[in-house]
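# What the coordinates show
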Number of protein chains: 2
Amino acid sequence: MDLEKRFIASVSAASKQIGDDGAVIGSTVYSNDAFIEGTHFKRAWMTPRQIAYKAFAVNISDAVAMNAVPRYALLAIGIPSSFTAGEADALAAGFVEASAAFGCELIGGDTVKSERLIISLTIVSETRRPLRRSGIKRGDLLAFTGSVGKAKRELQYLLAGRRAHAQSHYVRPRLRREFIADAAPYLRAGMDISDGIYTDLQRLADLNRTGFSFFRPLGKSAGCSGEEYEMLVAFPPRMRKRVEYLARKHRTPLTVFARAARTRYKNPCKSHHF
Amino acid sequence: MDLEKRFIASVSAASKQIGDDGAVIGSTVYSNDAFIEGTHFKRAWMTPRQIAYKAFAVNISDAVAMNAVPRYALLAIGIPSSFTAGEADALAAGFVEASAAFGCELIGGDTVKSERLIISLTIVSETRRPLRRSGIKRGDLLAFTGSVGKAKRELQYLLAGRRAHAQSHYVRPRLRREFIADAAPYLRAGMDISDGIYTDLQRLADLNRTGFSFFRPLGKSAGCSGEEYEMLVAFPPRMRKRVEYLARKHRTPLTVFARAARTRYKNPCKSHHF
């Protein structure tokens, strides 16, 4: 067991909430993600403004995955002293832009000196129908939105020393807010694909004590591609037509690829960080 | 203007909430503090369990400063891969201990790899009467709880290569929950002393457009001592007896040291991080 898993297991023993993309208290959802230079990104890959925007979008993705509407954000940020004033301004502009784009007000936080750029965002969102990771029944269909695998190709491109494309999904993840909001009543479970679909399926398998029977192989390259921020959803077969109709309505590609089954699931991917 | 101030100014332009120890939305207070190895502490100074406990306490201090009761915590943590399994367990144990001690449930967060130990906590607390930093009127009295200056001496001790005392206020900040809860109706403003009383007075001066007339000099050593986590409060002279009575009742030393006055305030301290 790696250190992070070990830590989470120790802390989770004291809480019932940990496990979903966000914690649900009444109709409020709290989610929190850290985005750390050297672990999640390199500074050469994106402009400070793009980094800020992406960090915000990635956090909003957790709220979307819970079928919640983001309201407020708290930002803890560690800024390296090597940043120029212009870079600090660009970083701030990225957060302000994302805050407006997602209708999520920045209400506070903490700004400190740090050797590496560190961004930790907490999103407070509201939902009347939380979409959880649990609830999958045998026979339910599994599907993902969009296409998976692009983020991995983009990452290889970045690791080869190039800069990210301003319009790429890597820089500007495409969130599926409208589709999820409309489809939520027909879905049994959902989460966003942040660590690669195979790794995220492991979470669903553990939580729901189920395996999956695949209709077609995803391939290791696409299946182990992290940071897709597409949605992974489960629904009963009788809802398939309805869910597919709503996907078309919102111009959201939807691929049904597996069924929850009495098999043992094995994740073929290695650790997801570069 | 340093980078952090510049960043805060850029982001704050888009929000009305930033400025207090926490953001108040209805009766809910949201506060968020980052605690970063190399900026706020060195690992040699404290055990992992002490570091976790202190990080939690420092965040609870923000809620106490707003006269709010902590309910939920979200933890984003970056764990260095040099940590042993035992150290990760000790870290987890510190958070679980603090969570129980402060009655504040850990409901979620994010755990990632990082070069340095990074702890960012978001506290969700409830208040019926938020104690803000604004609201000070000319003539109001300024007071601090406990004694200030100890944290700086402790820091010098640590910088000299020694380890922190398990019972010191540096390791276990003494929060003034009961006193603040009882005194809040009689206080005009309040905040916790995290960056040194002189630096925190600068914030009150800017926000309230006031200066201070000192009854006695605090001395640069005590006045520039950060991480005290004692409370800095303001109240009208007619409330003095009542506030002093409540301080005695809760065995909280209280020193009235200044009056809000039409003078120009100048902070004699340098940047607070070591």
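Remember, predicted model here, so these are calculated numbers, not experimental data.

## Regarding the pattern of salt bridges
- With the rule as written, the count across this model stands at 24 salt bridges over all chains.
- Across the pair B:Glu115 and A:Arg116 runs a salt bridge, and its minimum N-O distance is 2.4 Å. One end of the pair, B:Glu115, is in the loop between strand E4 (105–113) and strand E5 (118–126); the other, A:Arg116, is in the loop between strand E4 (105–113) and strand E5 (118–126), on a second chain.
- A relative accessible area of 30% places A:Arg116 in the partly exposed class.
- The partner of B:Glu244 in a salt bridge is B:Arg240, with the nearest N and O atoms 3.1 Å apart. Taken together, the positions of B:Glu244 and B:Arg240, both in helix H8 (residues 240–249) and 4 residues apart, correspond to about one turn of that helix.
- Within the structure, one salt-bridge network assembled from shared partners comprises A:Arg49, A:Glu97 and A:Arg172.

## So, the UniProt feature "binding site: substrate" (unreviewed entry) in chain A
Residue and element names in this part refer to chain A.
- Per the UniProt record, "binding site: substrate" (unreviewed entry) is found at His40 and Glu227. Across 188 residues of sequence, these annotated residues stay compact in space, with a maximum C-alpha separation of 9.4 Å.
- As for its placement among the helices and strands, histidine 40 is situated in the loop between strand E2 (28–36) and helix H2 (48–65).
- On the accessibility criterion, histidine 40 (11% relative accessible area) is buried.
- Relative to the assigned elements, glutamate 227 resides in the loop between helix H7 (220–223) and strand E9 (231–235).
- Of the residues examined, glutamate 227 reaches a relative accessible area of 16% and is grouped as buried.
- If sequence neighbours within four positions are ignored, glutamate 227 has contacts with His40, Lys54, Ala151, Tyr170, Ile193, Ser194 and Asp195.

## A short note on the packing of helix H2 (residues 48–65) of chain B against helix H3 (residues 85–101) of chain B
Residue and element names in this part refer to chain B.
- Put simply, H2 and H3 touch, their axes get as near as 7 Å, and they point 35° apart. Considering how the two elements wind past one another, H2 and H3 form a crossing that is right-handed. For the pair H2 and H3, the contacting residues are Pro48, Arg49, Ala52, Tyr53 and Phe56 in the first and Glu87, Ala90, Leu91, Ala93, Gly94, Phe95, Glu97, Ala98, Ser99 and Ala101 in the second.
- Along the lines of polarity and charge, the residues of the contact of H2 with H3 split into 10 nonpolar, 2 polar and 3 charged.

## Looking at the state of the cysteines
Residues and elements named next belong to chain A.
- Evaluated as defined, the whole model comprises 2 disulfides over all chains.
- Disulfide pairing places cysteine 224 opposite cysteine 269 at an S-S distance of 2.1 Å. Here the S-S torsion is close to -85°, and the disulfide linking cysteine 224 with cysteine 269 is therefore left-handed. Of the two residues, cysteine 224 is situated in the loop between H7 and E9 and cysteine 269 in the segment after strand E10 (254–261); the sequence distance between them amounts to 45 residues.

## Thoughts on the relation of the copies chain A and chain B
- You can overlay chain A on chain B at an RMSD of 0.0 Å; the transform is a turn of 180° with a shift of 0.0 Å along its axis. Both chain copies can therefore be described as sitting about a two-fold axis.
- In this assembly, 100% of the residues forming the interface of chain A have copies in chain B that are likewise at the interface, indicating an isologous arrangement.

## Considering helix H1 (residues 3–12) of chain B
- Residues B:Leu3, B:Glu4, B:Phe7 and B:Val11 constitute the buried set of H1(B). The buried side chains of H1(B) occupy one side of the element, clustering within an arc of 95° when seen end-on.
- Buried residues along H1(B) sit against strand E3 (69–79), helix H3 (85–101) and E4 of chain A.

## What about the pairing of E4(B)?
Residue and element names in this part refer to chain B.
- For strand E3 (residues 69–79) and E4, the ladder comprises 8 bridges, and the chain directions are parallel. From the neighbouring strand, alanine 76 faces E4, where its bridge partner is aspartate 110.
- The parallel pair E3 and E4, bridged by H3, forms a crossover whose chirality is right-handed.

## Overview of the interface of chain A and chain B
- Residue-level contacts link 57 residues of chain A with 57 residues of chain B.
- Of the roughly 4700 Å² buried where chain A meets chain B, counting both sides, 66% is carbon and sulfur surface.
- Interface area lost by chain A to chain B is led by A:Leu3, A:Phe7 and A:Lys113, which between them contribute 14%.
- At the surface where chain A touches chain B, the tally comes to 6 salt bridges.

## Some thoughts on the side chain of B:Thr111
- Relative to the assigned elements, B:Thr111 resides in strand E4.
- Leave out the neighbours within four places in its chain, and B:Thr111 touches A:Glu4, A:Phe7, A:Ile8, B:Ile77 and B:Ile79.

## Some words on the domain arrangement of chain A
Residue and element names in this part refer to chain A.
- Assigned domains of chain A: these are domain 1 (3–126) and domain 2 (141–261).
- Computed over C-alpha atoms only, the centres of domain 1 and domain 2 are separated by 21 Å.
- At the interface, 21 residues of domain 1 touch 23 residues of domain 2.
- The contact between domain 1 and domain 2 buries some 2000 Å² in all, and 55% of this surface belongs to carbon and sulfur atoms.
- At the boundary of domain 1 with domain 2, the tally comes to 1 salt bridge.
- A salt bridge links glutamate 97 to arginine 172, with the nearest nitrogen and oxygen atoms 2.6 Å apart.

## Concerning a positive patch on the surface
Residues and elements named next belong to chain A.
- A cluster of basic residues, Lys220, Arg264, Lys266 and Lys270, forms a positive patch on the protein surface.
- Relative to the helices and strands, lysine 266 resides in the segment after E10.
- You can call lysine 266 exposed: its relative accessible area is 65%.

## Some details on the confidence of the model for chain A
- With 96% of its residues at a pLDDT of 70 or more, chain A has an overall mean of 89.
- Here helix H4 (residues 150–159) of chain A stands out as the least confident element of chain A, with mean pLDDT 79; helix H8 (residues 240–249) of chain A is the most confident, with 98.

## Brief notes about the UniProt feature "binding site: Mg(2+) 1" (unreviewed entry) in chain A
- Taken from the UniProt record, the annotation "binding site: Mg(2+) 1" (unreviewed entry) applies to A:Asp33 and A:Asp110.
- Note that A:Asp33 resides in strand E2.
- Judged by its relative accessible area of 15%, A:Asp33 is buried.
- Within the secondary structure, A:Asp110 sits in strand E4.
- Given a relative accessible area of 14%, A:Asp110 falls into the buried group.
- In this structure, A:Asp110 is in contact with A:Leu75, A:Ala76, A:Ile77, B:Asn32, B:Asp33 and B:Ala34, ignoring residues within four places of it in sequence.

Basis of the calculations
Residues numbered from 1 in each chain as written. Chains lettered and ligands numbered in written order. Predicted model: local features only at pLDDT ≥ 70, side-chain atom pairs only at ≥ 80, totals over all residues. Heavy atoms only, no water. Salt bridge = Lys/Arg side-chain N within 4 Å of Asp/Glu carboxyl O. Helix = DSSP H or I, 4+ residues; strand = E, 2+ residues; numbered from the N terminus. Buried < 20%, exposed > 50% of the residue type's maximum accessible area, 1.4 Å probe, protein only. UniProt positions renumbered as here; feature names shortened; annotations may be inferred. Contact = heavy atoms within 4.5 Å. Axes fitted to C-alpha atoms, helices over the stretch in contact; angles between N-to-C directions. Left-handed = near helix turned anticlockwise from the far one by under 90°. Nonpolar A, V, L, I, M, F, W, Y, C, P; charged D, E, K, R; others polar. Disulfide = S-S within 2.5 Å. Least-squares fit on C-alpha atoms with pLDDT ≥ 70 in both. Arc of directions from axis to C-beta. Pairing = 2+ DSSP bridges. Right-handed = clockwise from strand over helix to strand, strands pointing away. Buried area = accessible area lost by both parts, 1.4 Å probe. Domains from an automatic or database assignment. Patch = residues over 30% accessible without salt bridge, like charges linked within 9 Å, V, L, I, M, F, W, Y side chains within 5 Å. Areas by Shrake-Rupley, 256 points an atom, 1.4 Å probe, with all protein chains shown as cover. Lys, Arg positive; Asp, Glu negative; His and termini not counted. Charge placed at Lys NZ, Arg CZ, Asp CG, Glu CD. pLDDT = per-residue confidence, 0-100.

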